[in-house]
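Structural description and commentary
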Amino acid sequence: RYEPTWASLDSRPLPAWFDEAKFGVFIHWGVFSVPSFGSEWFWWYWQKEKRWSYVKFMEANYPPGFSYEDFGPLFTAEFFDPNQWADVLKASGAKYVVLTSKHHEGFTLWGSKYSWNWNAVDVGPKRDLVAELAASVRNRTDLHFGLYHSLFEWFNPLFLEDATHVFKTREFPTSKSLPELYEIVTKYQPEIIWSDGDGNAPDTYWNSTGFLAWLYNDSPVRDTVVTNDRWGSGSMCTHGGFYTCSDRYNPGHLLPHKWENCMTIDKKSWGYRRNAQLEDYLTIEDLVKQLVETVSCGGNLLMNIGPTHDGRIAVIFEERLRQMGAWLKVNGEAIYGTKPWRAQNDTLTPEVWYTFSPKEGIVNAIFLNWPVSGTLELGEPQAKLGETQVKLVGCKELLKWVALGEKGIVIVLPQLTPKQLPCQWGWTLQLTGIN
């Protein structure tokens, strides 16, 4: 059994499925999807920081005295079709999904008995959005279902009161935040608890170690659940399950601890923005590059989309997800279930990243630019005549190659028309019989 101490909790091995999965989809959805302007931090920027663009937006579009709470009934989700969402998630090639069950605004997407009249069952959709998505994901896909949960809430009077006492009182976590966590775990049995938003309070205030000890010892998901590292100020990148370290974290080198790169397709926001421009969205080339770099360095990629207030996954997000799925259909064996190789990227040719398939003993070299010369020079692999074989994933023939002395290899790529290419945006060479 795990003790409620970081020393004990951090000794728990991460369930193997998480490292094998490599790729997940993050979904930021909530009342902030109604104004869908600027950022999911809309309420804070408008009311607390009083940022000019947000104040001006409200003055121009809403009557005087309109409060953030008034957005609640407008969060309608009338087009939310959880089966369609599940089908898009499945098509993306993702192996897990993380939904914001509650963001910093405190609005819960399930009918929480600890969030009276500020939840999706009492206000707005009048539906349990968490339950519906969980059911569809489990019935129609093999994705692991996870939930994001914000510890703090910007404007909750109980939290603000505790903050004035420098977190010596614990009204908010005992009556709101912790009961919600126990509620979502017991009710929905998520296999990921993606915690966030410590409000600058220490983990002792949140009783994070107490909750995690219960989660790992006695909860219905104790054997399979994974957690992140956001459990109080100072815990990020040091305690918990996998490390996130910061948003959009992509170190570009191997880390000794399992980590995740959580990032957004919309470069400027996690929530949906009606006024986003095409150039604000990462291209599929950008996304494939993020995935390959992340996996080579031992990380998972958690790629975020923001649905609309009426429950649609915008067409551009759906296109990106389906493109990623199309790429993974061809190159998935170089991603899923792989381990980092001794080199992460190539020394001679930039934009070549390595993974290793331990069962097959294959070194995967994923290259993001097709060379004009038709030959690819790799500085890292040590090839051996009569032993080393090279294949392009999606093509049957073995490729010709020449060793570059002790280390390094030049590979002759097949001459293919664009129609004959196995995929776009990046290709995988499988090398066997490599030192």
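Residues numbered from 1 in each chain as written. Predicted model: local features only at pLDDT ≥ 70, side-chain atom pairs only at ≥ 80, totals over all residues. Heavy atoms only, no water.

**Things to note about the side chain of His-103**
As for its placement among the helices and strands, His-103 is situated in the loop between strand 2 (96-102) and helix 6 (129-140). For His-103, a relative accessible area of 4% translates into the label buried. Not counting the four nearest positions on each side in its chain, His-103 is found in contact with His-28, Phe-32, Glu-40, Trp-41, Tyr-148, Ser-150 and Trp-154. (Helix = DSSP H or I, 4+ residues; strand = E, 2+ residues; numbered from the N terminus. Buried < 20%, exposed > 50% of the residue type's maximum accessible area, 1.4 Å probe, protein only. Contact = heavy atoms within 4.5 Å.)

**A closer look at the pairing of strand 8 (residues 352-357)**
Burial within strand 8 is extensive, with 5 of its 6 residues counted as buried. One ladder, built from 6 bridges, connects strand 8 with strand 9 (residues 362-367); its direction is antiparallel. Looking at strand 9, one finds that Ser-357 is bridged to Ile-362. Counted between consecutive antiparallel strands, the loop separating strand 8 from strand 9 contains 4 residues, among which Gly-361 sits at a positive phi close to 65°. (Pairing = 2+ DSSP bridges.)

**Quick look at the sheet that holds strand 11 (residues 389-392)**
With antiparallel pairing, the 4 strands of this open sheet are ordered in space as 8-9-14-11. Pairing within the sheet leaves two strands with one partner each, and these edge strands are strand 8 and strand 11. Neighbour-to-neighbour, the strand axes of this sheet turn through a mean angle of 25°, independent of strand direction. Sitting on the sheet, helix 11 (residues 284-296) touches strand 8 and strand 9, and the angle it makes with strand 8 is about 50°. (Axes fitted to C-alpha atoms, helices over the stretch in contact; angles between N-to-C directions.)

**A word on the pattern of salt bridges**
Going through the model one piece at a time under the given rule, you end up with 24 salt bridges. Its salt-bridge partner being Arg-1, residue Asp-218 comes within 2.9 Å of it at the nearest N-O pair. One end of the pair, Asp-218, is in the loop between helix 10 (208-217) and strand 5 (226-227); the other, Arg-1, is in the segment before helix 1 (6-9), with 217 residues separating them in the sequence. The class for Asp-218 is partly exposed, based on a relative accessible area of 39%. With relative accessibility at 72%, the residue Arg-1 sits in the exposed group. A salt bridge links Glu-380 to Arg-342; its shortest N-O distance comes to 2.8 Å. Residue Glu-380 is found in the loop between strand 10 (375-378) and strand 11, and its partner Arg-342 is found in the loop between helix 12 (315-331) and strand 8; the two are separated by 38 residues along the sequence. (Salt bridge = Lys/Arg side-chain N within 4 Å of Asp/Glu carboxyl O.)

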